[in-house]
Amino acid sequence: WRKYSTKEPPSPPTIRLEGRHYPIDEWTNLPSHISSALPRKLHLQPSHPLSITRRLIESRFPEPAYQYHNDLSPIVTVHQNFDSLGFPIDHPGRSRTDTYYINKDTVLRTHTSAHQADTFRTGKSDGFLISADVYRRDAIDRSHYPVFHQMEGARMWSRGECEAKGGVAAVIREEMDRMPKHGIDEPLRVRWVEAYFPFTSPSWELEVYWQGNWLELLGCGVVQQSLPKNAGVPDKIGWAFGVGLERVAMLLFGIPDIRLFWSLDKRFLQQFKEGRISRFVPFSKYPPCYKDIAFWLPSSSNSTNAAAAGGAGRVPFHENDMMEIVRNVAGDLAEDVKLIDEFTHPKTGRKSLCFRINYRSLERTLTNDEVNSLQQMVKNVLVEEFGAEVRE
Ligand code: FA5
Ligand code: MG
């Protein structure tokens, strides 16, 4: 039958991911530096700090009360990622500026909550833990990366159990106390902040004070009653959390920069051993190189109605577009990108933006020529793809 299998990718154009072809369309925005991360599965690599962190948290939410799922595919439907959780149709998380679309119906999951509804419905126990890689167009700095790992934890409680424990808020606090939130530089300051998620109410986020700023570790809350209802247990109360595994690992091991998790450098990988929390010993401190870039956007880009402004389909420029350009050009050589100035010309209404890019390698000193050529490439993309006019 081999003779009949097609060698040519089927038309219309497709992208091949995890052995399958997906048709692409006007929603597709998946760059190769993201799709190439799919096979890495860092949370499953033995002796990798993310795997050690995952197992440490798993040990505090033991089986069989919690069932573990560590190998769910990152390719999910828009329905799973957003609709099943009650995200309103105009929620910003759905936009192409925030989410990697494979096509209009299919995305790389932006959070492990994408599996909540399915797992509540089909799960064999009242609780579960899902650890997985997740994908977002997002800021560039030492605690944000476009591919990161989350662990979703959830459990159903009977009303009786909740009341016996002093209410659902008390149950959540007690459960969340199992989360490791100590750093290598103890003691850490920790705070709970009220939060909003479309699928939980009430909701909270847990933050820790780290390197001079509040760092968010996780979100949690009581899940909407539609989830236990669709899972056939309308009388139960569901509770869930989603924790960033990199953020916890950064505290546990003292890892100062999220890019390190992707390093293939032995000086990084050989420092960690399964089951052991050890202090990360930095092997490098190479100099940063700050470069500013200021540019005017084409007049249609800052209009709320690009079509009316006569732009040939140009959409407004989003901060995440800048992040994506820099990721594409510089990859892990970009440590941090900040919008440092924004200005609208009072007469022409044109908008000018200025970003500061910090180029720094984790592995070596960058040469001036190298940084200048990266900076030039960023400028070229801004001009050629976004119609920007660079201000010298
Ligand atoms: C969520 O993703 C919700 N799904 C969490 C949740 C689950 C709420 C269940 C209620 C019930 P949020 O966008 O805040 O929430 O992300 C959760 C955590 O992921 C953050 O607290 C942070 O630790 C981590 N995180 C988010 N964005 C990034 C990023 N770009 N890089 C690294 N870690 C990130
Ligand atoms: Mg959050």
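Described below are features of the structure shown in this document. What you see is a predicted model, and the numbers here were worked out from it, not measured in a lab.

1. Remarks on the overall build of the protein chain
- Assigned secondary structure in the protein chain consists of 11 helices and 16 strands.
- Against the 2.2 N^0.38 benchmark of 21 Å for 392 residues, the protein chain shows a C-alpha radius of gyration of 23 Å, consistent with a compact globule.
- For the protein chain, the residues scored as buried account for 49% of the 392 residues in total.
- A separation of at least 24 residues holds for 66% of the contacts in the protein chain among residues at least 6 apart in sequence.
- Distance between charge centres in the protein chain, computed from 49 positive and 49 negative side chains, equals 3 Å.

2. Some thoughts on the sheet that holds strand E4 (residues 75-77)
- Taken in spatial order, the three strands make up an open sheet running E4-E6-E5, and their pairing is antiparallel. Looking at the sheet topology across the chains shown, the edges are occupied by E4 and strand E5 (101-103). When strand polarity is set aside, the average angle formed by the axes of neighbouring strands in this sheet is 35 degrees.
- Where E4 lies against strand E6 (residues 106-108), three bridges are found, and the strand directions are antiparallel. Looking at E6, one finds that Thr 77 is bridged to Thr 106.

3. Examining the sheet that holds strand E11 (residues 213-223)
- Here we have seven strands laid out as an open sheet, ordered E3-E7-E8-E12-E11-E10-E9, and mixed in their pairing. The sheet is open, and its two borders are formed by strand E3 (66-69) and strand E9 (190-197), each paired with just one other strand. Strand after strand, the sheet turns through a mean of 25 degrees between neighbouring axes, direction not considered.
- In this structure, E3 lies alongside strand E7 (residues 127-135), joined through four bridges in parallel fashion. Looking at E7, one finds that His 69 is bridged to Ile 130.
- Helix H2 (residues 49-60) rests against E3, E7, strand E8 (147-158) and strand E12 (236-244) of the sheet, and its axis sits at about 10 degrees to E8.
- Across the sheet, helix H6 (residues 168-176) is in contact with E3, E8, E9, strand E10 (200-210), E11 and E12; its angle to E11 comes to roughly 135 degrees.

4. Describing the coordination of the magnesium ion (ligand 2)
- For the magnesium ion (ligand 2), every protein donor is listed as Glu 205 (OE) and Glu 216 (OE), and the spread of their distances is 2.2 to 2.3 Å. Remark: Glu 216 occurs in strand E11 and Glu 205 occurs in strand E10; sequence separation between them is 11 residues.
- By relative accessible area, Glu 205 is classed as buried at 16%.
- Classification of Glu 216 as partly exposed rests on a relative accessible area of 33%.

Rules of the game
Residues numbered from 1 in each chain as written. Chains lettered and ligands numbered in written order. Predicted model: local features only at pLDDT ≥ 70, side-chain atom pairs only at ≥ 80, totals over all residues. Heavy atoms only, no water. Helix = DSSP H or I, 4+ residues; strand = E, 2+ residues; numbered from the N terminus. Rg over C-alpha atoms; globule rule 2.2 N^0.38 Å. Buried < 20%, exposed > 50% of the residue type's maximum accessible area, 1.4 Å probe, protein only. Contact = heavy atoms within 4.5 Å. Lys, Arg positive; Asp, Glu negative; His and termini not counted. Charge placed at Lys NZ, Arg CZ, Asp CG, Glu CD. Pairing = 2+ DSSP bridges. Axes fitted to C-alpha atoms, helices over the stretch in contact; angles between N-to-C directions. Donors = N, O, S within 2.8 Å, 3.2 Å for Na, K, Ca; no water.

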